[in-house]
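Overview (structure and organization)
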Amino acid sequence: MVAAYDAGVIPVEQRRLVRTEIPGPRSQELHRRRTQAVAAGIASALPVYVERAGGGILVDVDGNRLIDFGSGIAVTSVGNSAPRVVQAVRAQAEHFTHTCFMVAPYEGYVAVAEKLNELTPGSHDKMSALFNSGAEAVENAVKLARYHTGRQAIVAFDHAYHGRTAMAMALTAKAMPYKYRFGPFPGEVYRAPMAYPYRWPTGADNCADEAFDLFTSMVHTQIGEDSTAAVIVEPIQGEGGFIVPPPGFLTRISEWCSHHGILLIADEIQTGFCRTGDWFACNHEGVVPDLITTAKGIAGGLPLAAVTGRAEVMSSVHPGGLGGTFGGNPLACSAALGTIETMESDNLCGAARHIESQMVPRLARLRDAYDVVGEVRGRGAMLAMELVEKGGTKKPDGALTARIARECHREGLVVLTAGTYGNVLRFLPPLVIGDDLLAEGIDILEAAFAAST
Ligand SMILES: *Cc1c(COP(=O)(O)O)cnc(C)c1O
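If you're wondering where the values come from, they're calculated on a predicted model, not measured in any experiment.

Details of the domain arrangement of the protein chain
Looking at the assigned domains, one finds that the protein chain contains domain 1 (25-78 + 347-452) and domain 2 (84-345). Contact with domain 1, which involves 39 residues of that partner, is made by 34 residues of domain 2. Counting each side, the surface lost to burial between domain 1 and domain 2 is near 2900 Å², with a carbon and sulfur contribution of 59%. In terms of surface lost to domain 2, no three residues of domain 1 exceed Val78, Arg379 and Met382, which account for 23% of the buried area on that side. At the boundary of domain 1 with domain 2, the tally comes to two salt bridges.

As structure tokens, this is what we get:
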């Protein structure tokens, strides 16, 4: 029997508590074990070992309760161990844990595909394929685009992040830590400048037009439109520093791609599933990609990823050409259905917009008070501050960013950094976080600015 589970209760007290130094003695002890047992290449933003988590709180092994502005990198948007997710996974675990969809299929996979086809941008016929990780979804989107178009070149952007497998690394822009010494990388990957208003050389006003011209001319001169299979873009760049392209940029890319028979792949792995205040960030501009990759927020913390796209593209590959042993695992599919149900019935897109309305005015006050805050940007519950050296230089200040993040961690607030220059503080709270925790988190951030600048 599956125990009854109260769908309304978060079983973790929603109050910050710092009762030891952070990390505390038990975390430090676990960290010593970890450094002996776990490969050094796997790093952690803060070495606090978690015992349980829920809502907007992480509880560590020393009994500290930390406010969570990270959501495990935009994953636990519905909160950790969200009631409907736990209930669905428990029930599934008691029935079966794996058959392999390529051996003997099951309904959960089909139901997730149906939901994705319904929720993703565009009203055209769509199909989906499920995988384990974002990188794997990206790899498969590239396979589909090449197969369908019979072309090879893939265009990605400066500051892009698409994952850590071979093709995904090739598409990712940043050498350290993602690519450095891991080459050679797969070929036929080309890179265009990203429309990055804050850092556009001739000013933000020229950014959309000039970036679009540089992009089309790069494709024309370096590849040839009819050799280009796809353009892959994050509608708001994640690891690159929450870069929001100016209005019109994505629309023009999308129209230009469809004119040339080039597929547009929207990588919504970080932006998807209510994070930016809509189901997908493409919706803010009415952009309808041919293929969309999703992962992070899709399944409340269980590993699941997908490629969803035009039925004619998705059905072009021969049977057996796509797949993977664990892709669309039944527990992960149940979790995704519980996650999507929660997002729909609790209006978590609205919750993301509410978080934006609470946070942005306070972040803007910090920007006005400290000239090291170059820009506050983002959308919904995907918000960031780009930090620069004093004096209006726009020179990235990664050291200050790291200091402020560390200061926040010490006070029991989990914040993450990002950006090509490591100078972006990013905020990705669970969409179910309470207003009081949100406000307290920003109080801590304010104090960290006061202490660090
Ligand atoms: C995290 C991320 C990926 C990679 O996902 P993994 O699950 O870590 O492989 C790809 N694209 C974007 C935009 C991401 O944020």
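The rest of the description comes next.
Points about the pairing of strand E2 (residues 57-60)
Residues Ile57 and Val59 of E2 are buried on one face, and the alternating residues Leu58 and Asp60, pointing to the opposite face, are buried as well. Connecting strand E1 (residues 50-54) to the antiparallel partner E2 that follows it, the hairpin turn spans two residues, and glycine 55 within it adopts a positive phi of roughly 60 degrees.

Side note on the site of the ligand
In the vicinity of the ligand, the contacting residues are Ser133, Gly134, Ala135, Tyr161, His162, Gly163, Glu234, Asp267, Ile269, Gln270 and Lys296. Tyrosine 161 is positioned such that a nitrogen or oxygen atom in its backbone is 3.3 Å from a nitrogen atom of the ligand. Interatomic distance of 2.9 Å between a side-chain N/O atom of glutamine 270 and an oxygen atom of the ligand. If the ligand stood free it would expose 380 Å²; the protein chains cover 83% of that surface. When atoms are counted within 2 Å of each cavity's grid points, the one that captures over half of the ligand is the largest pocket. Class assignment of the residues belonging to the shell around the ligand gives a composition of three nonpolar, five polar and three charged.

Brief notes about the packing of aromatic side chains
Taken as a whole and judged by the stated rule, the model has 13 aromatic pairs. A ring pair is formed by phenylalanine 101 and tyrosine 106, whose centres lie 5.5 Å apart and whose planes are at 85 degrees; its orientation type is edge-to-face. You can call tyrosine 106 buried: its relative accessible area is 9%. An angle of 85 degrees between the planes, with centres 6.1 Å apart, marks the rings of phenylalanine 273 and tryptophan 279 as edge-to-face. When sorted by exposure, phenylalanine 273 lands in the same class as tryptophan 279, which is buried. What links up through ring pairs into an aromatic cluster is the set Phe157, Phe212, Phe215, Phe249 and Trp256. Just above the ring of phenylalanine 185 sits the side chain of lysine 179; from NZ or CZ to the centre is 5.1 Å.

Overview of the sheet that holds strand E9 (residues 291-294)
Strands in a sheet are paired, the pairing made by backbone hydrogen bonds, and the direction either parallel or antiparallel. The mixed open sheet is built from seven strands, whose spatial order is E4-E10-E9-E8-E7-E5-E6. Strands at the two margins of the open sheet, each flanked by one partner only, are strand E4 (126-131) and strand E6 (189-192). With strand direction ignored, the average angle separating the axes of adjacent strands in the sheet is 20 degrees. Bridge count between strand E5 (residues 153-157) and E6: four bridges; the pairing is parallel. The residue bridging valine 155 from the neighbouring strand is tyrosine 190, located in E6. Contacts from helix H4 (residues 107-119) reach E4, E9 and strand E10 (305-310) within the one sheet, and its direction differs from that of E4 by about 130 degrees.

Comments concerning the environment of glutamate 341
Residue placement: glutamate 341 occurs in helix H10 (residues 330-345). We classify glutamate 341 as partly exposed; its relative accessible area is 44%. Residues glutamate 341 and phenylalanine 69, spaced 272 residues apart in sequence, show a C-alpha to C-alpha distance of 23 Å.

Let's talk about the environment of aspartate 267
Looking at the secondary structure, you find aspartate 267 in strand E8 (residues 263-267). Discounting residues that sit within four places of it in the chain, aspartate 267 has contacts with Val138, Tyr161, His162, Ile232, Val233, Glu234, Pro235 and Thr293. Of note is the side chain of aspartate 267, whose polar atom sits 2.8 Å from the side chain of histidine 162.

Overview of the layout of surface pockets
Estimated volume of the largest pocket: approximately 1400 Å³. Contributing to the lining of the largest pocket are 49 residues, with Ile73, Tyr161, Arg164, Tyr178 and Glu239 lying nearest its centre. Contributing elements (two or more residues each) for the lining of the largest pocket: helix H2 (71-74), helix H5 (134-149), helix H12 (398-410) and strand E14 (416-418). Taken domain by domain, the lining of the largest pocket gets at least three of its residues from each of domain 1 (25-78 + 347-452) and domain 2 (84-345). There is about 430 Å³ of room inside the second largest pocket. In this structure, the second largest pocket is lined by 18 residues; those nearest its centre are Leu46, Val50, Leu58, Gly72 and Val414. Taken together, the elements giving at least two residues each to the lining of the second largest pocket come down to E1, strand E3 (65-68) and H2. Here the lining of the second largest pocket gets three residues from one element, more than from any other, and that element is H2. Of the residues assigned to the lining of the second largest pocket, the class counts are 11 nonpolar, six polar and one charged.

Criteria and cut-off values
- Residues numbered from 1 in each chain as written.
- Predicted model: local features only at pLDDT ≥ 70, side-chain atom pairs only at ≥ 80, totals over all residues.
- Heavy atoms only, no water.
- Domains from an automatic or database assignment.
- Contact = heavy atoms within 4.5 Å.
- Buried area = accessible area lost by both parts, 1.4 Å probe.
- Salt bridge = Lys/Arg side-chain N within 4 Å of Asp/Glu carboxyl O.
- Buried < 20%, exposed > 50% of the residue type's maximum accessible area, 1.4 Å probe, protein only.
- Helix = DSSP H or I, 4+ residues; strand = E, 2+ residues; numbered from the N terminus.
- Pairing = 2+ DSSP bridges.
- Near = heavy atom within 4 Å.
- Polar contact = N/O pair within 3.5 Å; in protein donor to acceptor, adjacent residues only side chain to side chain.
- Areas by Shrake-Rupley, 256 points an atom, 1.4 Å probe, with all protein chains shown as cover.
- 1 Å grid on protein atoms, 1.4 Å probe; cavity = no way out; pocket = protein on both sides within 12 Å on 5 of 7 lines; lining within 4 Å.
- Sits in = over half its atoms within 2 Å of the grid points.
- Nonpolar A, V, L, I, M, F, W, Y, C, P; charged D, E, K, R; others polar.
- Phe/Tyr/Trp six-rings, centres within 6.5 Å; stacked < 30°, edge-to-face > 60°.
- Lys NZ or Arg CZ within 6 Å of the ring centre and 35° of its normal.
- Axes fitted to C-alpha atoms, helices over the stretch in contact; angles between N-to-C directions.
- Points joined across faces, edges and corners; volume = space filled by probe spheres on them.

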